[in-house]
There are 2 protein chains.
Amino acid sequence: MTADPNRSFDMMPAGPTPAWIAADWGTSQLRLWVMDNSNQVLDRITSDRGMSRLGPQDYEPTLLGLLGDRLAPGSNSDVRAVPVICCGMAGSRQGWAEAPYATAPCPPPGIAEATRPLIQDKRLTVYLLPGIKTTDPADVMRGEETQIAGYLAQDSNQTGPQVICLPGTHSKWVKLDRGQVTSFSTFMTGEMFALLQGQSVLRHCVSEDGWDEKAFKQAVAKALSSPAAISAQLFRIRADALLSGQNAETGRARLSGLLIGAELAATRGYWSHQSVTILGTDALARCYETALSALGCKPRRVDAESLTLAGLCAAYDQLQKGQTE
Amino acid sequence: MTADPNRSFDMMPAGPTPAWIAADWGTSQLRLWVMDNSNQVLDRITSDRGMSRLGPQDYEPTLLGLLGDRLAPGSNSDVRAVPVICCGMAGSRQGWAEAPYATAPCPPPGIAEATRPLIQDKRLTVYLLPGIKTTDPADVMRGEETQIAGYLAQDSNQTGPQVICLPGTHSKWVKLDRGQVTSFSTFMTGEMFALLQGQSVLRHCVSEDGWDEKAFKQAVAKALSSPAAISAQLFRIRADALLSGQNAETGRARLSGLLIGAELAATRGYWSHQSVTILGTDALARCYETALSALGCKPRRVDAESLTLAGLCAAYDQLQKGQTE
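Here goes a summary of the coordinates provided. Since this is a predicted model, take the numbers as computed values, not measurements. (Residues numbered from 1 in each chain as written. Chains lettered and ligands numbered in written order. Predicted model: local features only at pLDDT ≥ 70, side-chain atom pairs only at ≥ 80, totals over all residues. Heavy atoms only, no water.)

1. So, the relation of the copies chain A and chain B
At step 1: Least-squares fitting of chain A to chain B yields an RMSD of 0.1 Å, with the transformation described by 0.0 Å of translation along the axis and a rotation of 180 degrees. These values place the two chain copies in the arrangement generated by a two-fold rotation axis.
At step 2: Both copies share a contact surface, since 100% of the interface residues of chain A are interface residues in chain B too. (Least-squares fit on C-alpha atoms with pLDDT ≥ 70 in both. Contact = heavy atoms within 4.5 Å.)

Structure follows, in structure tokens:
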């Protein structure tokens, strides 16, 4: 897939030339925001051309193809290069170019730490924001650090210690203090749920949707009270379906409750003495809220969708301030 | 697939007419043993026509097709019907016909508890052996009870309390006392390993073979000392591969150690005060032996392959003794 260089000559540009492009380039998906110079969104573009489908040479043509006539005509013209600020897996070793991890404790890495891949087209300058690692124990994040940057930018009053939880395929629990990520832990809870629900023997008794709130809470409590027994509890979902006709919605809620409960058993040190902010407002985030509330914790939920963009905007502001670079 | 009724007329039978047929009919595989009347194996047949590929009407033609000219010619002749004694998922509700679970505590169900599906061909009589269930907590086995019957038949001196472990896709821990199954617990350890190794984000850092014994033992110990932390440990396999180049054989051993360690954390009540017999001699059974030995338990391993057949032979002996039925 290559951009057609003639196309932009044939048509009027779709609008004003963007001031910059914000990009969340993940494993399976790419989200672009076309931005003006006061950080207002001119346009949104999504694509399934995530890292898993791309070699290093594919990123630039992908960007040009998607941005099309939003850029000034001509690929070598003497126009100002539009900055593209990008978080996520595009900056991994298997991505466009490696943006090496910053090491916690550290603030979310910003534009000064970004990697700039070589670009043929002079109309673009690309900044790949790094992720964060810890080495003992080993853990990594790439993409979440930009959500955290967005969260900190929106909430600059909160400078004391705090805990945030980012539910997802690989959920993260993060400790923050004075604008720094001090430590974090990753859990494969979301991926385990998807594999067990869709592909294990439990698929016959765990539905794709539907819910049973009581069964969910009971399963969370069971996992918390006896974390060692979780691996025995999983097969019981099937046994109860076989022996007492338990419905698949209850099975779904039990599976979710056991796995989230296992995560909460492992994160007591995060949530038991501190308030927790959940970055997310979807059904999964609400499950975490329900589970934590049942444990006496009063979590706060904030919209995570907007935080990635807020984090990328914070990086753009840094770029503007340091424009002499 | 249907047996060709003419085929057996055209050829000499492949050998003496069998006294009976032993069958282990599982979800994905079918194993048949063609037996003489002193329980010697005349022939072995394996097929991929497991329960998951068959509707109830497919079982009889499958058997006839595989047995072929080993049966006397003619499907309605006045010959003695050959008993087919069958354990495994063919006796489940989704199988050939349901052989309802016996409820523990109970001895492994025998020929008297078997379900006899309707058969068109008068040369066969089929006995489907039931599995065993417990209701509080809910758990089920189907197939393993026949291995246990074989184990008890071979080891009739051991009548006191004992614990056996059956590693596998869904491993089982079973308490026996005076020939009865008193309780048991099922773990999805093998299936979780396969899903995480083959289909999760860990597939990049967990090899399909190879091993690291030290890493395995460390992971078992880690899981035992802190079962709540297991779900955090899984992602660290990936983080260590990314950050310190840990090889995929070590990743494989760590994943196996964490999951088996989680199972052992949940089964302390089984192995901590009693000797354990592991039914199995393959690589997986050796992993359990290594892990239990490192915990100060001295497990004994016995060949599980032969036990299913021994259990089916025990059922045939019951049939012979009660031939008046």
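Here the narrative resumes, following the displayed structure.
2. With respect to unusual backbone geometry
Residues and elements named next belong to chain A.
At step 1: Geometrically, the link from Ala 104 to Pro 105 is a cis peptide bond, its omega value of 0 degrees lying close to zero.
At step 2: On the secondary structure map, Pro 105 appears in the loop between strand 5 (102-103) and strand 6 (124-128).
At step 3: A cis amide bond, omega 0 degrees, links Asp 136 with the succeeding residue Pro 137.
At step 4: Here Arg 178, not a glycine, exhibits a phi torsion of approximately 45 degrees, which is positive. (Helix = DSSP H or I, 4+ residues; strand = E, 2+ residues; numbered from the N terminus.)

3. Observations concerning the pattern of salt bridges
All names here are of chain B.
At step 1: Per the stated rule, a full pass over the model turns up 16 salt bridges over all chains.
At step 2: In this structure, the salt-bridge partner of Asp 24 is Arg 31, at a minimum N-O distance of 2.8 Å. Each member of the pair, Asp 24 as well as Arg 31, carries the same accessibility label: buried.
At step 3: Here Arg 254 and Asp 240 are joined by a salt bridge, their closest N and O atoms 2.8 Å apart. Taken as a pair, Arg 254 in helix 7 (residues 248-266) and Asp 240 in helix 6 (residues 230-244) lie far apart in primary sequence, 14 residues in all. Like Asp 240, Arg 254 is buried. (Salt bridge = Lys/Arg side-chain N within 4 Å of Asp/Glu carboxyl O. Buried < 20%, exposed > 50% of the residue type's maximum accessible area, 1.4 Å probe, protein only.)

4. A few points about the packing of helix 3 (residues 144-154) of chain A against helix 10 (residues 305-321) of chain A
All names here are of chain A.
At step 1: Two elements in contact, helix 3 and helix 10, have axes separated by 7 Å at closest approach and are oriented at 80 degrees. Considering the angle they form, helix 3 stands roughly perpendicular to helix 10. Side by side, helix 3 and helix 10 meet where Thr 146, Gln 147, Ala 149, Gly 150, Tyr 151, Ala 153 and Gln 154 of the first sit next to Ser 306, Leu 307, Thr 308, Ala 310, Gly 311, Leu 312 and Ala 314 of the second.
At step 2: Residues of the contact of helix 3 with helix 10, tallied by class, amount to seven nonpolar, seven polar and no charged. (Axes fitted to C-alpha atoms, helices over the stretch in contact; angles between N-to-C directions. Parallel < 35°, antiparallel > 145°, perpendicular 65-115°, else oblique. Nonpolar A, V, L, I, M, F, W, Y, C, P; charged D, E, K, R; others polar.)

5. Points about the packing of aromatic side chains
At step 1: Within the structure shown, the criterion is met by twelve aromatic pairs over all chains.
At step 2: Both rings, one in Trp 20 of chain B and one in Tyr 316 of chain B, keep their centres 4.5 Å apart while their planes meet at 5 degrees; by these two values the pair is stacked. Residue Trp 20 of chain B is found in strand 1 (residues 20-25), and its partner Tyr 316 of chain B is found in helix 10 (residues 305-321); the two are separated by 296 residues along the sequence. Tyr 316 of chain B shares its class with Trp 20 of chain B; the two are buried.
At step 3: Joined through ring pairs, the aromatic side chains of Trp 25, Tyr 59 and Trp 96 of chain A make up one cluster.
At step 4: The side chain of Lys 175 of chain A reaches across the aromatic face of Tyr 270 of chain A, ending 5.0 Å from its centre. (Phe/Tyr/Trp six-rings, centres within 6.5 Å; stacked < 30°, edge-to-face > 60°. Lys NZ or Arg CZ within 6 Å of the ring centre and 35° of its normal.)

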